[in-house]
Amino acid sequence: MQPLRSGSCWRAVLARARRAVLLAGSRWASDGPGNAQDPPAGAGELPGELDRFGGVSVRLNALDHLDPAAFKRALQAAVQKWRSEGRVAVWLHIPILQSRFIAPAASLGFCFHHAESDASTLTLWLGEGPSRLPGYATHQVGVAGAVFDENTRKILVVQDRNKLKNMWKFPGGLSEPGEDIGDTAVREVFEETGIKSEFRSLLSIRQQHTNPGAFGKSDMYFICRLQPYSFTINFCQQECLRCEWMDLSDLVKTENTTPITSRVARLLLYGYREGFDKIDLTMEELPAVYTGLFYKLYHKELPDNYKTVTGMC
Ligand SMILES: NC(=O)C1=CN([C@@H]2O[C@H](COP(=O)(O)OP(=O)(O)OC[C@H]3O[C@@H](n4cnc5c(N)ncnc54)[C@H](O)[C@@H]3O)[C@@H](O)[C@H]2O)C=CC1
Ligand SMILES: [Mg+2]
């Protein structure tokens, strides 16, 4: 983000708002220390930044002594100014301890965009037509590990303790922020069963909407193929009722399982018989062009000569 030009900064906006209020015979209300006619404490430190889409981002830090009514007047004046300058949106980042500013902002038309554990972000669209601001997170990510031992043709399965029906499924759980899919599968399998394993490939992706377990958001459920390197089960008593190494052919046949587990068991059987390259989406790490970061790309195996080919042969 770039800093706002000096004429547009919060300090000037607040100063103008204060002058307007004082000229109208009003006073700054203040529940903090200091004279009632003083400018809001800390108000001059409010930073406003212009983003590359033409929106303004405001971080409300160090506003301990600012009164909500005074804040509302200042924000109203600022919004009016930003609107006249053609800004498209305002992003208001409010630390949880400053939450008393949420209601005044909402009364000016701001809505929640998202909240984290220690702060919320509100937005106001100023541009023409309906808001083009992107929404926040729409999905949760769950990952399961299909841990298949090729030597014994056995697959690791569990039954959930907290489900009404006790069906066989692959161990798994929710991804942590910043965690790779394969790492989630390996971690969850170990936490739930005590089995150590290595990531081999991604086998399947399920997308489901309005999932009750995802607080009404959508759910992405990834199933990975894992190779075990320990075999003694020591399962989590809080989450699992049963855990065992089951013959893959028995998992294919059983009715006591979920449709997705049954389908992936058949996929594994096919891969075991015909070659895992038929079913595996393998992973490769590649550099991101814009950020300099790295990401994981999953697709069917691409032969090396196709990775470097420059045109149609
Ligand atoms: N078809 C299948 O085979 C199934 C797939 N899934 C998928 O697995 C993923 C989630 O896996 P999980 O094993 O559920 O996650 P997880 O392994 O991360 O465990 C969630 C933990 O949170 C606890 N928990 C959940 N809600 C709670 C609440 N309201 N209060 C207290 N504790 C609570 C549970 O008891 C459990 O210990 C999702 O993507 C879901 O769609 C889940 C169940 C079956
Ligand atoms: Mg789980």
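Model, not experiment: these values are computed from the prediction. (Residues numbered from 1 in each chain as written. Chains lettered and ligands numbered in written order. Predicted model: local features only at pLDDT ≥ 70, side-chain atom pairs only at ≥ 80, totals over all residues. Heavy atoms only, no water.)

1. Quick look at unusual backbone geometry
A negative phi holds for most residues other than glycine; trans holds for most peptide bonds. Residue Thr210 is not a glycine yet carries a positive backbone phi of 45°. For Thr210, a relative accessible area of 61% gives the class exposed. Its identity as a non-glycine residue notwithstanding, Phe215 has a phi of 55°, on the positive side. Since its relative accessible area comes to 79%, Phe215 is described here as exposed. (Buried < 20%, exposed > 50% of the residue type's maximum accessible area, 1.4 Å probe, protein only.)

2. A look at the UniProt feature "domain: Nudix hydrolase" (unreviewed entry) in the protein chain
Following the UniProt record, one finds the feature "domain: Nudix hydrolase" (unreviewed entry) at residues 138–270. Segment residues 138–270 splits into 23% helix and 41% strand. End C-alpha atoms: 34 Å apart. (UniProt positions renumbered as here; feature names shortened; annotations may be inferred. Helix = DSSP H or I, 4+ residues; strand = E, 2+ residues; numbered from the N terminus.)

3. Side note on the side chain of Ser204
Counting through the fold element by element, Ser204 comes out in strand 11 (residues 197–208). We classify Ser204 as buried; its relative accessible area is 17%. In this structure, Ser204 is in contact with Tyr221, Phe222, Ile223 and Val264, ignoring residues within four places of it in sequence. (Contact = heavy atoms within 4.5 Å.)

4. A short note on the nonpolar core
Of all hydrophobic cores here, the largest spans 21 residues; its most connected members are Ala146, Ile155, Phe170, Ile223, Leu248, Leu251 and Leu268. Of all the secondary structure elements, the ones that give two or more residues to this core are strand 7 (139–149), strand 8 (154–160), strand 12 (218–228), helix 5 (248–253) and helix 6 (259–274). Filtering out sequence-adjacent residues up to four positions away, Ile155 remains in contact with Ala146, Val147, Phe148, Phe170, Glu244, Trp245, Met246, Asp247, Leu248, Leu251 and Leu268. (Core = buried A, V, L, I, M, F, W, Y, C linked by side-chain atoms within 4.5 Å.)

5. Things to note about the site of ligand 1
Not every one of the 16 residues close to ligand 1 is listed here, only the nearest: Gly172, Leu174, Arg206, Asp219 and Glu239. When the free accessible area of ligand 1 is taken as 870 Å², the share hidden by the protein chains comes to 56%. When residues of the shell around ligand 1 are traced back to their parent elements, those giving at least two are strand 10 (172–174), helix 4 (181–193), strand 12 and helix 6. Take the shell around ligand 1: its biggest share by element is three residues, from strand 10. (Near = heavy atom within 4 Å. Areas by Shrake-Rupley, 256 points an atom, 1.4 Å probe, with all protein chains shown as cover.)

6. A look at the coordination of the magnesium ion (ligand 2)
Each protein donor to the magnesium ion (ligand 2) is listed here as Gly172 (O), Glu192 (OE) and Glu239 (OE); together their distances run 2.1 to 2.2 Å. Motif for the magnesium ion (ligand 2), donor spacing along one chain: G-x19-E-x46-E. Placement of the pair is Gly172 in strand 10 and Glu239 in the loop between strand 12 and strand 13 (240–247), with a sequence separation of 67 residues. Overall, Gly172 belongs to the buried group, its relative accessible area being 10%. Relative accessible area serves as the criterion here: at 29%, Glu239 is assigned to the partly exposed category. (Donors = N, O, S within 2.8 Å, 3.2 Å for Na, K, Ca; no water.)

7. Considerations on the layout of surface pockets
Taken as a whole, the largest pocket encloses approximately 840 Å³ of empty space. Considering the residues around the largest pocket, the lining is formed by 27 residues, among which Asp160, Lys163, Lys169, Arg206 and Tyr221 are closest to the centre. Considered as a void within the structure, the second largest pocket measures approximately 160 Å³ in volume. Along the walls of the second largest pocket sit Asp51, Phe53, Gly55, Val88, Ala89, Trp91, Trp125, Arg132, Leu133 and Pro134, which together make up its complete lining. A class-by-class count of the residues in the lining of the second largest pocket yields seven nonpolar, one polar and two charged. (1 Å grid on protein atoms, 1.4 Å probe; cavity = no way out; pocket = protein on both sides within 12 Å on 5 of 7 lines; lining within 4 Å. Points joined across faces, edges and corners; volume = space filled by probe spheres on them. Nonpolar A, V, L, I, M, F, W, Y, C, P; charged D, E, K, R; others polar.)

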